[in-house]
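Okay, here's what each chain looks like letter by letter:
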Amino acid sequence: GLMYGRQTHMAIAEYWRWWVVHLWVEGFFEVFATVVAAFLFTRLGLLRMKSATNAVLFSTIIFLAGGILGTFHHLYFSATPTAVLALGATFSALEIVPLVLIGYEAYHNYRLSKSTKWIKAYKWPIYCFIAMCFWNFLGAGIFGFAINPPIALYYIQGLNTTAVHGHAALFGVYGILGIGLMMFMLRGLYPERQWNDKLIGWAFWLTNIGLLVMVTISLLPIGIMQSVASIKEGYWYARSAEFMQTDIMHFLRWMRVPGDILLALGELLLVIFIIGLKFGWSLKEKR
């Protein structure tokens, strides 16, 4: 029969849900992002083959050893033994290391090779990959690690602190990776065309700044206040209507709007840029 269905106990449903969710994100995604970044950086001559190979092997080993074990940091309320939780928290924290190393080295080499003409053509795809490394460090790393240790998870699993990590890691790493790959392809299709730097620059910065603003001025304060409430009063209170429907919470929820608008504008400009490549608006005037 099925592993679980509608009548299954919550603990068992949670157990299997996290196997699915986390092995997809932490297992496949992290390694995929690292491998793709390493591949493109070596193709662009921004990364030594040796560093790339080391980072890829390192991340694959950590994934196989840690991505599976890392899943356990979710299973707090599924009768998981303490030792298993400790393993889960430790290993899942290690997984961001390779991508950050790749980003650091690529950025260093990018500065050295800024003078070459063809690298300038690949400026925005490279910026996207560097942004991805930044978000991997902040969104997956710092925000992820903040909620990872077993003692933290006990109090704050599933509050807005989880949403902070989720948004910053999912869009920051995989969304921007997708945008970067798309730009990399578009750049290679018509190498001789001059892109309109201003348009793509606004799209890039608005998207990144919008995400940062949304996370830091709305989700993060709500998450911190919920965490304090959970530690002082209890988890039930941090998620209760009486706590979540106060005036300050309403205000903080509305504070999502500025960041969301910036991000949406950035994405709209990106769409305009891409459509514009077809019709020639996104290209510099030929001097």
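Residues numbered from 1 in each chain as written. Predicted model: local features only at pLDDT ≥ 70, side-chain atom pairs only at ≥ 80, totals over all residues. Heavy atoms only, no water.

Participant: What is the right way to look at the overall build of the chain in this model?
Facilitator: Check the secondary structure of the chain and you find 13 helices and zero strands. Along the chain direction, N to C, the helices and strands of the chain fall in the order α-α-α-α-α-α-α-α-α-α-α-α-α. Counting only C-alpha atoms and orienting by the principal axes, one finds that the chain spans roughly 65 × 45 × 40 Å. In the chain, which comprises 287 residues, the proportion classed as buried is 45%. (Helix = DSSP H or I, 4+ residues; strand = E, 2+ residues; numbered from the N terminus. Buried < 20%, exposed > 50% of the residue type's maximum accessible area, 1.4 Å probe, protein only.)

Participant: Just checking my understanding: could you explain the side chain of T161 for this structure?
Facilitator: Inspection of the secondary structure puts T161 in helix α8 (residues 160–189). Here T161 falls in the buried class, since its relative accessible area comes to 10%. In this structure, T161 is in contact with I147, I156, G223, I224 and S227, ignoring residues within four places of it in sequence. (Contact = heavy atoms within 4.5 Å.)

Participant: Can you walk me through the nonpolar core in this structure?
Facilitator: Inside soluble globular proteins, nonpolar side chains tend to come together where they are buried. F41, L46, I102, I126, W135, M183 and V215 are the most contacted members of the largest nonpolar core, which has 50 residues in total. The set of elements that each furnish at least two residues to this core consists of α1 (10–43), α2 (49–70), α4 (97–112), α6 (123–147), α8, α9 (197–232) and α13 (256–279). If you tally residues by element for this core, the top one is α6, at ten residues. If near-sequence neighbours (up to four positions away) are discounted, M183 is found in contact with W124, P125, C128, W195, I200 and L270. With eleven residues, the next largest nonpolar core counts A152, I156, A229 and M244 among its residues. (Core = buried A, V, L, I, M, F, W, Y, C linked by side-chain atoms within 4.5 Å.)

Participant: Where do I start with the environment of H165 in this structure?
Facilitator: Its location among the elements puts H165 in helix α8. Each C-alpha atom, one on H165 and one on L212, is 12 Å from the other, the two residues being 47 residues apart in sequence. When neighbours within four sequence positions are excluded, H165 is seen to be in contact with G139, A140, F143, G144, I147 and L170.

Participant: Sorry, what's going on with the pattern of salt bridges here?
Facilitator: Pairing is possible between side chains of opposite charge, provided their charged atoms come close. Within this structure, the stated rule accounts for one salt bridge. In this structure, the salt-bridge partner of R256 is D260, at a minimum N-O distance of 3.9 Å. Of the two residues, R256 and D260 are both situated in helix α13; the distance of four residues between them amounts to about one turn of the helix. (Salt bridge = Lys/Arg side-chain N within 4 Å of Asp/Glu carboxyl O.)

Participant: Would you mind going over the state of the cysteines with me for this structure?
Facilitator: Simply put, disulfide is the name for a covalent bond between the sulfur atoms of two cysteines. Here the structure, examined in full by the defined rule, presents zero disulfides. C133 provides the cysteine sulfur closest to C128, a residue in no disulfide bond, and the two sulfurs are 11 Å apart. The buried category is assigned to C128, whose relative accessible area is 1%. Residue classification places C133 among the buried positions, given a relative accessible area of 7%. (Disulfide = S-S within 2.5 Å.)

Participant: Would you mind going over a nonpolar patch on the surface with me for this structure?
Facilitator: There is a patch of nonpolar side chains on the surface, built from W254, V257, I261, L265, L268, V271, I272, I275, F279 and W281 and spanning about 1000 Å² of accessible area. As for its position among the elements, L265 is in helix α13. Classification of L265 by relative accessible area gives partly exposed; the value is 39%. (Patch = residues over 30% accessible without salt bridge, like charges linked within 9 Å, V, L, I, M, F, W, Y side chains within 5 Å. Areas by Shrake-Rupley, 256 points an atom, 1.4 Å probe, with all protein chains shown as cover.)

Participant: Would you explain the packing of α8 against α13 in this entry?
Facilitator: When two helices pack together, their arrangement is captured by the angle between the axes and the distance separating the axes. At their nearest, the axes of α8 and α13 sit 12 Å apart, and the two run at 15° to each other. If you check the angle between α8 and α13, you find them roughly parallel. Crossing hand, α8 versus α13: left-handed. Between α8, through H167, F171, I179, M182, M183 and L186, and α13, the contact on the second element is made entirely by R256, L263, E267, L270, I274 and L277. Its residues assigned to classes, the contact of α8 with α13 shows nine nonpolar, one polar and two charged. (Axes fitted to C-alpha atoms, helices over the stretch in contact; angles between N-to-C directions. Parallel < 35°, antiparallel > 145°, perpendicular 65-115°, else oblique. Left-handed = near helix turned anticlockwise from the far one by under 90°. Nonpolar A, V, L, I, M, F, W, Y, C, P; charged D, E, K, R; others polar.)

Participant: Looking at this model, I keep getting lost on α9. Mind explaining?
Facilitator: Because an α-helix completes one turn every 3.6 residues, residues spaced three or four positions apart along the sequence face the same direction. For α9, with 36 residues, the first-to-last C-alpha span of 51 Å sits near the 52 Å given by 1.5 Å per residue. Two or three places before K198, at the opening of α9, N196 has a side-chain oxygen 3.1 Å from that residue's backbone nitrogen. Remark: G234 follows α9 within two positions and exhibits a positive phi of approximately 140°. (Expected span 1.5 Å × (residues − 1). Polar contact = N/O pair within 3.5 Å; in protein donor to acceptor, adjacent residues only side chain to side chain.)

Participant: Please explain the packing of aromatic side chains as it appears in this structure.
Facilitator: Aromatic rings considered in pairs are described by the distance between their centres and by the relative angle of their planes. Overall, the coordinates contain 20 aromatic pairs when judged by the stated rule. Aromatic pair W24 and F29: ring centres 5.0 Å apart, planes at 45°, arrangement tilted. When the centroid spacing of 5.8 Å and the interplanar angle of 55° are considered together, the rings of Y127 and F204 count as tilted. Of the two residues, Y127 sits in helix α6 while F204 sits in helix α9, which places them 77 residues apart along the sequence. Note on accessibility: Y127 and F204 belong to one class, buried. A connected cluster of aromatic rings, assembled from ring pairs, spans W24, F28, F29, F32 and Y174. In this arrangement the basic side chain of R187 is found over the ring face of W195, its NZ or CZ atom lying 4.6 Å from the centre. Positioned above the aromatic ring of Y190, the side-chain terminus of R193 is 4.1 Å from the ring centre. (Phe/Tyr/Trp six-rings, centres within 6.5 Å; stacked < 30°, edge-to-face > 60°. Lys NZ or Arg CZ within 6 Å of the ring centre and 35° of its normal.)

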